[in-house]
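# Observations on chain architecture
Below, each chain spelled out in residue letters.
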Amino acid sequence: MDSVDLFRRNLQRTMDEVFSAERENIESAAAAAAKALCSGKTIYTFGTGHAHILAEEIFYRAGGLVKVYPIFDERLMLHKSASESTEWERREGLARELLKNSGVSAGDAVFIFSNSGRNCSPVEAALYAAEVGAKAIAVTNISHSKTSSPRNPYGKRLFEVCPIVIDNHGRIGDASTDVCGKTLGPTSTAVGAAIMQAIVCRIFELTCADGKPAETFVSSNIDGGDAINEAFIKKYSGIIPPL
């Protein structure tokens, strides 16, 4: 078995663990988000560093929900300065500012992604969501978090401040596969993406059951797709600026 097969095995095992052990938490997350949409509210997503990939995963996606607002800030992403993004996510005040300026309010659902869950921005985002009456939902690595002390002024880790927590069941440190004396192959992104797409499917199912099917994008690369998507963009670009 070479490293490709080893990584595939580790990833599949992690996926299986998540969809077994976290099924109830996935259901709670989907129910909270479906309730938000059916009430005319919004699903927000927030992550820093590589976790911002998950904040983007369910945004403006073929077969995805329309009313998703990813909270992007280049200081917390990797394309401007990867090393500086690490420093920014540890600073107090930034996440609060970003969520406030994005309009997070009572009844919204806020998905917050952080593998370690120890830095200031994700914890602060969860605390701000609770403060304004939004539902904070964490996708994080509880085993990793429990081995790390909080690195924020609140003295908490993400899994300790969110009412709904989904554990990605990754190894401590995220990398999963031992290769030639090194450990490589992080799983948090692949597993996190699968979690979120499963939640999207369940959200739509729940909104249909409530008689209020969530609006969804289609591929812009199918005939008629542009017209469908443009109508949604026109409708929501004022309240979801990244559109």
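Everything below is about the structure printed above this text.
Notes on the structure follow. (Residues numbered from 1 in each chain as written. Predicted model: local features only at pLDDT ≥ 70, side-chain atom pairs only at ≥ 80, totals over all residues. Heavy atoms only, no water.)

The next thing to look at is the overall build of the protein. A count of helices and strands for the protein gives 10 helices and 7 strands. Relative to the compact-globule value of 18 Å for 243 residues, the protein shows a C-alpha radius of gyration of 18 Å, a close match. With the C-alpha coordinates of the protein rotated into their principal frame, the extents come out at 55 × 45 × 35 Å. Each of the 243 residues in the protein was classed as buried or not, and the buried ones make up 48%. In the protein, 75% of the contacts between residues at least 6 apart in sequence involve partners at least 24 apart. Carbon and sulfur atoms make up 51% of the accessible area of the protein, which totals about 11400 Å². Charge separation in the protein, taken as the distance between the mean sites of 26 positive and 29 negative side-chain charges, equals 4 Å. (Helix = DSSP H or I, 4+ residues; strand = E, 2+ residues; numbered from the N terminus. Rg over C-alpha atoms; globule rule 2.2 N^0.38 Å. Buried < 20%, exposed > 50% of the residue type's maximum accessible area, 1.4 Å probe, protein only. Contact = heavy atoms within 4.5 Å. Areas by Shrake-Rupley, 256 points an atom, 1.4 Å probe, with all protein chains shown as cover. Lys, Arg positive; Asp, Glu negative; His and termini not counted. Charge placed at Lys NZ, Arg CZ, Asp CG, Glu CD.)

By size, the foremost hydrophobic cluster in this structure holds 64 residues, and its most contacted members are F111, I199 and I203. By residue number, the principal contributor to this core is helix α2 (residues 23–38), which donates 8 residues. If we skip the residues at most four places from it in the chain, F111 touches A29, A33, I43, Y44, T45, F46, I137, M196 and I199. (Core = buried A, V, L, I, M, F, W, Y, C linked by side-chain atoms within 4.5 Å.)

So, on to the side chain of S114. Looking at where S114 falls in the secondary structure, it is placed in strand β3 (residues 109–114). Within the structure, the side chain of S114 is placed 2.9 Å from the backbone nitrogen of G117, a separation counted as a polar contact. Not counting the four nearest positions on each side in its chain, S114 is found in contact with A51, P122, V139, T140, N141 and L158. (Polar contact = N/O pair within 3.5 Å; in protein donor to acceptor, adjacent residues only side chain to side chain.)

End to end, helix α9 (residues 188–209) covers 31 Å across 22 residues, agreeing with the expected 32 Å (1.5 Å per residue, within 8%). Every buried residue of α9 is listed here: S188, V191, G192, A193, I195, M196, I199, V200, I203 and T207. Taken from the residues just after α9, G211 is the one with a positive phi, measuring 80 degrees. (Expected span 1.5 Å × (residues − 1).)

Moving on: the packing of helix α1 (residues 3–21) against α9. Following both chains from N to C, one finds α1 and α9 inclined at 35 degrees, their axes separated by 10 Å at the closest point. The handedness of the crossing between α1 and α9 comes out as right-handed. Here α1 contributes L11, T14, M15, V18 and F19 to the contact with α9, which in turn contributes A190, V191, A194, I195 and A198. Taken together, the residues of the contact of α1 with α9 break down into 9 nonpolar, 1 polar and no charged. (Axes fitted to C-alpha atoms, helices over the stretch in contact; angles between N-to-C directions. Left-handed = near helix turned anticlockwise from the far one by under 90°. Nonpolar A, V, L, I, M, F, W, Y, C, P; charged D, E, K, R; others polar.)

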